[in-house]
Amino acid sequence: MKKSSIFGLVVIAIAIAVIVSVYSNSSTYGSFKDAEKTTSELHVVGHLNKNKQLTYDATKDANYFSFYMTDNKGEECKVVFTGSKPQDFERSEQIVLTGQMAGNEFHASKILMKCPSKYTQDKVEITEAKATKQASI
Amino acid sequence: MDTAFKGEHLLPGQLGQFFTILAFGSALFAAISYYFAATNPADTSWKRLGRIGTFTNAFSVIGIGACLFYIILNHLFEYYYAWQHSSRALPMHYIISSFWDGQEGSFWLWNFWQGILSCILVWRAKSWESPVLAVVSLSQAVLATMLIGVDFFGARIGSSPFILLREAIDLKAQAPIFATNPDLYHSYLTYIKDGNGMNPLLQNYWMVIHPPTLFLGFASMVVPFAYAIAGLWQKRYKEWVNAAIPYGLFAMMILGTGIIMGAFWAYESLSFGGFWAWDPVENASIIPWLILVGAVHVMIVYKNTGHSYITSTILVLASFILVLYASFLTRSGILGETSVHSFTDAGLFWHLVFDVVLFLLIAVVMLVIRWKELPKTTKDEETYSREFWMFVGAIFLCLSCFHLVVVSSIPVWNAIFGTKLAPPSDPVKHYNIVQASFAVVVTLLTGFTQFLKYKKTDSAKFFISTLVYLVVAVLITLPVIFITGANKLQFVFILIMVGAIYAILANGKVLVDAFKGKFKLAGSAVAHIGFGFIMVGALISAGTSKVISENNTGEIYSKEFVAAKNNPKENIILYKNTPVKMGKYSVTYVGDSISAPNHYFKVNYKHVDASGKIIEEFTLKPNAQANAKMGLIASPDTKHYLFSDLYTHVTYSNAITMNEGEQADGHGEADDDKKYDAPVPYEVAVGDTIHFREGYAILAGLGKVDKLQDIQLEPKDVAIGATLQVVANGKTYSAEPIYMIRGNNAFDFARKVEDAGVKFRFSQVLPKKGKIEISVYQQPESAKKWIVMRAIQFPDINFLWAGTIIMVIGILLSIFRRNKELKTT
């Protein structure tokens, strides 16, 4: 067998190993209900329940942040995050959590929030101007 | 219709729109002309037309830029792009960078560089001009379509930067008053006072320089691709490689620099807490780069030995297609849930797909048609030859790239196969381990290939020198990892360390030889040494970075939770003027300085030795912007040492409020009092001491005051000031509350000592007792200012930056060398 063929086989083997490792390392998207059934970490997509309490008191514990999130199936769960409250959390329109259930709480190791308004903010701010100032034509 | 809206400046937009169409038309014209020029070389008129097209294109692209720049510079907010990305408050250099803040601007940047490169190619490509520029012009034409923004059979093609605000946004829906009152609507511009401005995170000098560099890198990757296509097309299989090598090296240097600039930016001013986070957007920039590095190496193999022709061609073709794929990933919005900073879809999804598919088809079709004619070597490479191992190295770079593509594209797989895979839950760890395995192979190859010669090497001699250097590398690695603490890392990372040091040593030997006379080898040696240092720096700083702001004081956590998660709690609260011990430092939040729109938190670090002597003291100023439109956005500050960096980032604070820059001073006194606990009155005589929680105050004296900052004194007024010496937290302040009599009324003016959180009122004069009454207002504990911060020590990160500079110098030397070779042959 030619050396290049052997090397070719090695490369294919590594490529397959890469795909397998990615596949086995990849997590899944799920709901809180799915999270209750499994012990592995998974991603939950949902949005913040703005009516319920959002706890972050840095004077008590700078690394404890909890809130209530409703997942895409409509189920609500308390979420605990070890860290400070992400800036502008209240403004988030969508949240992607990575973590697992611990009792009745979902312990998130990562929070990714999407604030579309932050990047493509299409809200025009209309400032009232008095008539005397309307001179620029 | 046009005149119906008051105050709009429509000319620059119309001119700009004209230029976008002209840019597209001229690029297409150039591509077609050059196509015929390449197929009918006898007829030189085609070539002339192609040149006219190319120059017209460059001119109109610059025209687009000029119009857009004029719009942004003059704050013409009737244009959506200006309104969305800039504001009046932006200083000049950020106005320039707000230019490429959005998708359209960054496409323009790409278009601009590609246009400049086209002109350079007209000048330099000689016999390659027609076929190469046919390909580049086609790419230029496709890019131009991204900017034209014209409706075509109901579908919008591209996204123009010259769209008007009222076209982009339904103003009537936003503000109902416009719907009901047409007169108001026609003068809507008078109500648009300011633009959205730039995301404060992007307001950084790197935003000025990083995107142009990165896009020059992306743009220059079309050149080797065009040469490869031209070579296949014109059947000049052997020649194109030599001509393309300098351009490949150039693209590699510029894109590499752009990527590291991005890393440096992330490290300096974003809150990642590191220089690389394996975000899909970062991966998208490094994917084509890795393939290009592999491609350049096999091209050099082909040049020297005639081996690896097909691999060179495929890799060069793939590198450009991956540039297009990367721009699809970052710009189509497909990364959505997996990336923090990708663009959202601007309606270009299928357009971007088309771009990738078009060039992929061109590449595949050309390869298939010419496959049988391609020069292949029937002879197997020698095992002890440089070409074989360079080839192996290039393939490993491709595998590393393959892994990045597979993981970053998970949302793409989901979209294609309807699966619901999520990225690895600990992506950084996953990437680090897998990529580290490839890095071990690549660094070792970078080392031992230097001891091999092209064609055939004496194996005994090779093994001896390889092993000697390897042993030395291990001997150097051992103290390095034990001193830096990298020995606790996983084994594979220690192997990289060995590999990287080995690569530095082996290439160091080549460099020494270069100085002895073989100077042309210097370029690659220097570049490889730089690469070795990059790996060493990245490994030590990322592997042994240490959070020094560890916090074990949480009350709410149960012990089991902390134990199970084993989570070092990285954020710590600092009350103003209360020092906290962090590592070897005593850290104090000493105050704020506000320079709108930035709010700087002054964090003082003191290193005190056992005897109480201050060895070192410095103040870091991490900052935050309370941006009314975009919320609170924080940037870190870093203390740089030669061998270590101290990174400080404020994650939360109660000291900052929205719109503080605009805050008026005229707060009602009663309002202000609410911020304090109920006042406590003290009757004191001169020399008496008043105690409060944070310290004490001494009444140093009483005196008549002639001038007041609060109010104009009239001749009959009597004003007395109480001079107080306030001592709090080891510092002395002075305050002089005032008591004033005007006519039959008494007034008083309170004075605050912000740092001590205390306010004094001279509330009464008690002449019978010979005393005065001072009321003390104290801020409640909870109203004291605090910050929550995170501090991380990054050791030896300077190796990473220095390595980059060394690598760039090395590549530059190589470009000069290859250019010279091109001229002599």
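Residues numbered from 1 in each chain as written. Chains lettered and ligands numbered in written order. Predicted model: local features only at pLDDT ≥ 70, side-chain atom pairs only at ≥ 80, totals over all residues.

Asker: Give me the lowdown on the overall build of chain B, citing residues and values where you can.
Answerer: The secondary structure content of chain B amounts to 25 helices and 24 strands. Along the first, second and third principal axes, the C-alpha set of chain B runs to 115 × 80 × 50 Å. Considering only residue pairs separated by 6 or more positions, chain B has 69% of its internal contacts joining residues 24 or more positions apart. (Helix = DSSP H or I, 4+ residues; strand = E, 2+ residues; numbered from the N terminus. Contact = placed C-beta atoms within 7 Å.)

Asker: Which residues make up the overall build of chain A, and what are the values?
Answerer: When its secondary structure is counted, chain A shows three helices and six strands. Starting at the N terminus and walking to the C terminus, you meet the elements of chain A as α-β-α-β-β-β-β-β-α. Counting every position in chain A, which comprises 137 residues, the buried fraction comes to 28%. (Buried ≥ 20, exposed ≤ 12 C-beta atoms within 10 Å, placed from the backbone.)

Asker: Describe the domain arrangement of chain B, naming the residues involved and giving the relevant values.
Answerer: It is common to give the size of an interface as the accessible area that goes away when the parts come together. Residues and elements named next belong to chain B. What the domain assignment reports for chain B is domain 1 (1–198), domain 2 (242–414), domain 3 (424–544), domain 4 (559–655 + 788–795) and domain 5 (672–783). Taken together, the contact between domain 2 and domain 4 spans four residues of the former and seven residues of the latter. The residue inventory of the side of domain 2 that touches domain 4, partitioned by class, reads no nonpolar, three polar and one charged. (Domains from an automatic or database assignment. Nonpolar A, V, L, I, M, F, W, Y, C, P; charged D, E, K, R; others polar.)

Asker: An account of unusual backbone geometry is requested, with residue identities and associated values reported.
Answerer: All names here are of chain B. Not every positive phi belongs to a glycine, and Lys235 is a case in point at roughly 55°. By secondary structure assignment, the location of Lys235 is in the loop between α12 (222–233) and α13 (239–269). Even without glycine at this site, Trp278 takes up a positive phi of about 55°. Counting through the fold element by element, Trp278 comes out in the loop between α13 and α14 (280–305).

Asker: How would you sum up the environment of B:Lys303? Please name residues and give values.
Answerer: All names here are of chain B. Among the secondary structure elements, Lys303 is positioned in helix α14. Judged by local crowding, Lys303 falls into the partly exposed class, with 17 C-beta atoms found within 10 Å. Sequence spacing of Lys303 and Gln764 is 461 residues, and the spatial spacing of their C-alpha atoms is 95 Å. Residues within four places of Lys303 in sequence aside, it is in contact with Val241, Asn242 and Ile245.

Asker: Which residues make up the pairing of strand β22 (residues 758–766) of chain B, and what are the values?
Answerer: Residues and elements named next belong to chain B. Judged from the three bridges that link them, strand β21 (residues 751–753) and β22 form a sheet pairing that is antiparallel. Opposite Val753, over in β22, you have Val758 as the bridge partner. Here β21 hands over to β22 after four residues, with Gly757 in that stretch at a positive phi of 65°. Where β22 meets strand β23 (residues 771–778), eight bridges bridge the pair, whose relative direction is antiparallel. Residue pairing in the sheet places Phe762 in a bridge with Ile774 of β23. Joining the antiparallel neighbours β22 and β23 is a turn of four residues, in which Gly770 adopts a positive phi near 70°. (Pairing = 2+ DSSP bridges.)

Asker: Describe the packing of α13(B) against α14(B), and please don't skip the residues or the numbers.
Answerer: All names here are of chain B. Two elements in contact, α13 and α14, have axes whose closest approach is 9 Å; the angle formed by their N-to-C orientations is 150°. The angle between α13 and α14 places the two elements in the roughly antiparallel class. As for the relative orientation of α13 and α14, their crossing is left-handed in sense. Contacts between α13 and α14 involve Val241, Asn242, Ala244, Ile245, Gly248, Leu249, Ala251, Met252, Leu255, Gly256, Ile259 and Gly262 from the first element and Glu282, Ser285, Ile286, Trp289, Leu292, Val293, Ala295, Val296, Met299, Ile300, Tyr302 and Lys303 from the second. For the contact of α13 with α14, the per-class residue count stands at 17 nonpolar, five polar and two charged. (Axes fitted to C-alpha atoms, helices over the stretch in contact; angles between N-to-C directions. Parallel < 35°, antiparallel > 145°, perpendicular 65-115°, else oblique. Left-handed = near helix turned anticlockwise from the far one by under 90°.)

Asker: Let's hear about the confidence of the model for chain B: which residues, and what values?
Answerer: Residues and elements named next belong to chain B. In this model, chain B carries an average pLDDT of 85, and 92% of its residues clear a pLDDT of 70 or more. Looking over chain B, one finds the lowest element-wise mean pLDDT in helix α23 (residues 559–565), namely 43, and the highest in α12, namely 96. In the predicted structure, residues 555–566 sits below a pLDDT of 50 and forms nine contacts with residues beyond four places in sequence or in another chain. Residue range residues 661–668 is modelled with pLDDT below 50. Its contacts to residues more than four positions away, or to other chains, number three contacts. Across the interface, the model reports ipTM at 0.78; the global pTM reads 0.84. (pLDDT = per-residue confidence, 0-100.)

Asker: Hey, could you go over the sheet that holds β21(B) for me, with residue numbers and the actual values?
Answerer: Residue and element names in this part refer to chain B. On the basis of which strands lie adjacent, the open sheet formed by four strands has the order β14-β23-β22-β21 and antiparallel pairing. Each edge of the sheet is formed by a strand with only one pairing partner; in this case those strands are β14 (680–684) and β21. Strand-to-strand twist in this sheet, taken as the mean axis angle between neighbours without regard to direction, amounts to 30°. Pairing of β14 with β23 involves five bridges; the strand directions are antiparallel. Residue pairing across strands places Pro681 opposite Ser775, the latter belonging to β23.

Asker: Can you break down the confidence of the model for chain A residue by residue, with the values?
Answerer: For chain A, mean pLDDT is 75; residues scoring 70 or higher make up 82% of the total. Within the model, pLDDT remains below 50 along residues 117–137 of chain A, and this stretch shows 28 contacts once partners closer than five positions in the same chain are excluded.

Asker: Tell me about the packing of helix α2 (residues 44–73) of chain B against helix α5 (residues 103–124) of chain B, residues and numbers included.
Answerer: Residues and elements named next belong to chain B. At a closest axis distance of 9 Å, the pairing of α2 and α5 adopts a crossing angle of 150°. As judged from the angle between their axes, α2 and α5 are roughly antiparallel. Considering only the axes of α2 and α5, their crossing is left-handed. Along the contact surface, α2 presents Arg51, Thr54, Phe55, Asn57, Ala58, Val61, Ile64 and Gly65, while α5 presents Trp108, Asn111, Phe112, Gly115, Ile116, Ser118, Cys119 and Val122. Classifying every residue of the contact of α2 with α5 gives nine nonpolar, six polar and one charged.

Asker: Describe α5(B), naming the residues involved and giving the relevant values.
Answerer: Residues and elements named next belong to chain B. Its 22 residues place the ends of α5 31 Å apart at the C-alpha level, agreeing with the 32 Å of an ideal helix rising 1.5 Å per residue. Counting buried positions over the 22 residues of α5 gives 17, a clear majority of the element. Lys126 sits one or two residues past α5 and shows a positive phi near 55°. (Expected span 1.5 Å × (residues − 1).)

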